[in-house]
Amino acid sequence: MSQLQLHGFDPKADLLEWLPHDGETDLRLEDLQQMLDQHGNSIALLLLPGVQYYNGQVMDMAALCGMAADAGCKIGLDLAHAIGNVPLELHDWAPDFAAWCTYKYLNSGPGAIGGAFVHSRHLGKREAATLLGWWGHEESMRFRMAPTFTPAQGIEQWQLSNPPILSLAPVVASLQVFAEAGLDNLCDKSAQLTSYLDYLLQASFSGQIHSITPATARGCQLSLTVIDPDRDARQVFAKLERQNVIADWREPNVIRVAPAPLYNSYEDVYEFSQRLGTALG
Ligand SMILES: *Cc1c(COP(=O)(O)O)cnc(C)c1O
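This structure is a prediction, so every number in the text was calculated from the model and none was measured.

Colleague: Report on the sheet that holds strand β4 (residues 115-118), specifying residues and quantitative values.
Modeller: Strand order in the open sheet formed by four strands is β1-β2-β3-β4, with mixed pairing between adjacent strands. One side of each edge strand has no neighbouring strand; the edge strands of this open sheet are β1 (45-49) and β4. Strand-to-strand twist of the sheet, defined as the mean angle between neighbouring strand axes without regard to direction, takes the value 15°. Relative to β4, strand β3 (residues 97-100) runs antiparallel, the two being bridged by four bridges. By the bridge assignment, A99 is partnered in β4 with A116. Contacting β1 and β2 (74-78), helix α4 (residues 61-71) runs over the sheet at an angle of about 155° to β2.

Colleague: Could you give an account of the packing of helix α8 (residues 233-242) against helix α9 (residues 266-280), with specific residues and numbers?
Modeller: Two quantities define a packed helix pair, namely the angle between the axes and the distance from one axis to the other. Their axes nearest at 9 Å, the elements α8 and α9 cross at an angle of 130°. When the axis of α8 is compared with that of α9, the two are oblique. Crossing of α8 over α9 shows right-handed handedness. Facing V236, K239 and L240 of α8, the residues of α9 in contact are F272, R275, L276, A279 and L280. Its residues assigned to classes, the contact of α8 with α9 comprises six nonpolar, no polar and two charged.

Colleague: If you had to explain the site of the ligand to someone new, which residues and values would you point to?
Modeller: Taken together, D78, A80, H81, C101, Y103 and K104 make up the full set of residues adjacent to the ligand. Between an oxygen atom of the ligand and a side-chain N or O atom of K104, the distance comes to 2.7 Å. Of the residues contributing to the shell around the ligand, the split by class is three nonpolar, one polar and two charged.

Colleague: Just give me the short version of α9, but keep the residues and values in it.
Modeller: The terminal C-alpha atoms of α9 lie 21 Å apart, and with 15 residues this matches the ideal 21 Å at 1.5 Å per residue to within 8%. Listed as buried for α9 are V269, F272, S273, L276, A279 and L280. Taken end-on, α9 shows its buried residues confined to a sector of 120°, consistent with a single buried face. Exposed side of α9, more than 90 degrees from the buried face: E267 and T278 are the residues found there.

Colleague: Summarise the nonpolar core; cite the residues concerned and give the values.
Modeller: The biggest cluster of nonpolar side chains holds 30 residues, and the ones touching the most others in it are L46 and L77. Tallying contributions element by element places α4 first for this core, with five residues. With residues near it in sequence (within four places) discarded, L46 still touches L32, L36, A68, C73, K74, I75 and G76.

Colleague: Kindly report on the packing of aromatic side chains, identifying the contributing residues and their values.
Modeller: Counted by the stated rule, this structure contains five aromatic pairs. On the basis of an interplanar angle of 70° and a centroid distance of 6.2 Å, the ring pair of Y53 and Y54 is categorised as edge-to-face. Residue class for Y54 comes out buried when judged on its relative accessible area of 17%. Members of the aromatic cluster, connected to one another through ring pairs, are W134, W135 and F143. One Lys or Arg, R142, reaches over the ring of W135 and ends 4.1 Å from the middle of that ring.

Colleague: Give me the lowdown on the sheet that holds strand β5 (residues 209-211), citing residues and values where you can.
Modeller: Pairing is antiparallel in the open sheet, where four strands are placed in the order β5-β6-β8-β7. If you trace the sheet from one side to the other, it starts and ends with β5 and β7 (248-250), each paired once. The average angle at which neighbouring strand axes cross in this sheet is 35°, direction not considered. As defined by bridge partners, strand β6 (residues 222-226) adjoins strand β8 (residues 254-257) across three bridges and the pair is classed as antiparallel.

Criteria and cut-off values
Residues numbered from 1 in each chain as written. Predicted model: local features only at pLDDT ≥ 70, side-chain atom pairs only at ≥ 80, totals over all residues. Heavy atoms only, no water. Pairing = 2+ DSSP bridges. Helix = DSSP H or I, 4+ residues; strand = E, 2+ residues; numbered from the N terminus. Axes fitted to C-alpha atoms, helices over the stretch in contact; angles between N-to-C directions. Contact = heavy atoms within 4.5 Å. Parallel < 35°, antiparallel > 145°, perpendicular 65-115°, else oblique. Left-handed = near helix turned anticlockwise from the far one by under 90°. Nonpolar A, V, L, I, M, F, W, Y, C, P; charged D, E, K, R; others polar. Near = heavy atom within 4 Å. Polar contact = N/O pair within 3.5 Å; in protein donor to acceptor, adjacent residues only side chain to side chain. Expected span 1.5 Å × (residues − 1). Buried < 20%, exposed > 50% of the residue type's maximum accessible area, 1.4 Å probe, protein only. Arc of directions from axis to C-beta. Core = buried A, V, L, I, M, F, W, Y, C linked by side-chain atoms within 4.5 Å. Phe/Tyr/Trp six-rings, centres within 6.5 Å; stacked < 30°, edge-to-face > 60°. Lys NZ or Arg CZ within 6 Å of the ring centre and 35° of its normal.

Now the structure itself:
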């Protein structure tokens, strides 16, 4: 909203929101398509999630990018809940840009440096709004301090200055662990862990707990609701916390749980279901 204001627009009139239908939680592509058909030529930017934070829905990012391209809209992906959680093919899907933090699945701690992707089709263009810094200069000539700017090859030309090394250090350490484990292995384990969690929930709590996360489009997160409207779901969450379960509460009524494949085990998932049983009483 403040971005819109900064650029002289009125958020009330100029922000278009892609929302689920009443009584649903999944975002439907056909609704976005309808919005594009109606407003496509006045939309400056589509800013969309890779994985929706509330219901854990993994978006069909290739489709989103294709729809944006067909409508002639720029598209940026918010990958805060996608990076380190689901496979990404950013170059091939070809959003204009993407951005992410590194303190969720990438474990780098709050305040660690974030990440950004700019598609290579934007490289080498001298768009008026492009800021350039000396660290984006072709390296071999950087220290000549010439009055002209010779861009480095590739994405390096977008670097403005030195990265902050202290907040970069945990990201480097984390990415080394990810490289060692292998994202394919992690995604395989993730699918199994989360399926196991889903199975235990259905086997033990089918009338009590419901996952709103689409089973066919999910990473490791399940967003759980307490079915009985007379039960205080917030109390269930508090009782989980008291048993040292690290989950997360999202208003109005969702408990997000995410068995992260890098460090959570099948035993952890089983333990969670036991403690959920205790929390439900
Ligand atoms: C966490 C998160 C971000 C990143 O937030 P910063 O703290 O500003 O890095 C962005 N989008 C969503 C949906 C998030 O959940």
